[in-house]
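Commentary on secondary and tertiary structure
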Amino acid sequence: MSRVSWVRGAIGVVVAAFGLLALRALSLTSLPVASKGRSVLRLSWSARPERIEQCRRLTDAELAERPQHMRLRWECEGRFARYLLTLSVNGQPVASDTVRGSGLRHDRPMHLFREYGLEPGEQRLAVTLRRIDAEVRPDSAGDQTAEGVGAADRETREAQERRTRRAEALPEVVSLDTTLAVHAGNVVLISYSSTARELVLKARP
């Protein structure tokens, strides 16, 4: 690893760490509402963006040219996805922003924190986080030569690793559309559950 790559990696780790700590602190801190007659909608979560990959299945001849420890059946290049965040209140657009993962290469978890004023009363809230970048499925074409058991097992492991990464990342779209009674001075929190892989709502008095 070159010195420049090492420095960039170190900076990315530091930036991501500070972002996570700041998000954690803000999420736990009581929010002073500017006006006693108003409430606040808070969007706050940490989630891993999906890696969008373009994969090509290597032939047996190409694999034979690689060192033993680098013989991966699929060769993939990619980037981490961008997401469009939209918010509407009672059908009226309030926000539309493009959000990405943190770090220099946007490969760190997305630490999001937004706050919007809300009027007391019954409010319909609609929040959507939708992946902008199109997913490219691995190309099934390529060498169809019969392979040994070891090669087949390796290819199976690679496919499983890709499925695991997708399962741990944000889905293509998550949304929450709900109507609730907002009381004066309340903080309405919308966050993301990595276990349920969906947006969740909680109102704080």
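Residues numbered from 1 in each chain as written. Predicted model: local features only at pLDDT ≥ 70, side-chain atom pairs only at ≥ 80, totals over all residues. Heavy atoms only, no water.

A few points about the overall build of the chain
Per the secondary structure count, the chain includes three helices and 10 strands. Reading the helices (α) and strands (β) of the chain from amino to carboxyl end gives α-β-β-α-β-β-β-β-β-α-β-β-β. Burial analysis of the chain (205 residues in total) assigns 33% to the buried set. The contacts in the chain between residues at least 6 apart in sequence include a share of 71% that link residues at least 24 apart. Looking at the chain as shown, the accessible area adds up to about 12400 Å², and 53% of this sits on carbon and sulfur atoms. (Helix = DSSP H or I, 4+ residues; strand = E, 2+ residues; numbered from the N terminus. Buried < 20%, exposed > 50% of the residue type's maximum accessible area, 1.4 Å probe, protein only. Contact = heavy atoms within 4.5 Å. Areas by Shrake-Rupley, 256 points an atom, 1.4 Å probe, with all protein chains shown as cover.)

Thoughts on the confidence of the model for the chain
Low-pLDDT portions of the prediction should not be read for the details of their coordinates. Summarising the model, the chain shows a mean pLDDT of 77, and 69% of its residues fall at 70 or more. The spread of mean pLDDT over the elements of the chain runs between helix H1 (residues 3-28), the lowest at 51, and strand S4 (residues 83-89), the highest at 97. Within the model, pLDDT remains below 50 along residues 139-149, and this stretch shows 16 contacts once partners closer than five positions in the same chain are excluded. (pLDDT = per-residue confidence, 0-100.)

Things to note about the environment of Thr 128
Structurally, the position occupied by Thr 128 is in strand S7 (residues 121-131). With a relative accessible area of 18%, Thr 128 lands in the buried category. Note: C-alpha distance between Thr 128 and Thr 86 (42 residues apart in sequence) is 5.3 Å. Once residues lying within four places of it in the same chain are set aside, the contact partners of Thr 128 are Leu 84, Leu 85, Thr 86, Val 173, Val 174 and Ser 175.

Quick notes on the pattern of salt bridges
Per the counting criterion, the structure on display carries eight salt bridges. A salt bridge links Arg 56 to Glu 62; the nearest nitrogen and oxygen atoms lie 3.2 Å apart. By relative accessible area, which is 23% here, Glu 62 ends up partly exposed. Two residues, Arg 124 and Asp 177, come together in a salt bridge whose shortest N-O distance is 2.7 Å. On the criterion of sequence distance, the pair formed by Arg 124 in strand S7 and Asp 177 in strand S8 (residues 173-182) is long-range, its members being 53 residues apart. Among the residues examined, Arg 124 registers a relative accessible area of 44% and is labelled partly exposed. Sharing partners across several salt bridges, the network here consists of Arg 79, Arg 82 and Asp 133. (Salt bridge = Lys/Arg side-chain N within 4 Å of Asp/Glu carboxyl O.)

A look at the environment of Leu 201
Note that Leu 201 resides in strand S10 (residues 198-204). Between the alpha carbons of Leu 201 and Leu 189 there is a distance of 5.7 Å; along the sequence they are 12 residues apart.

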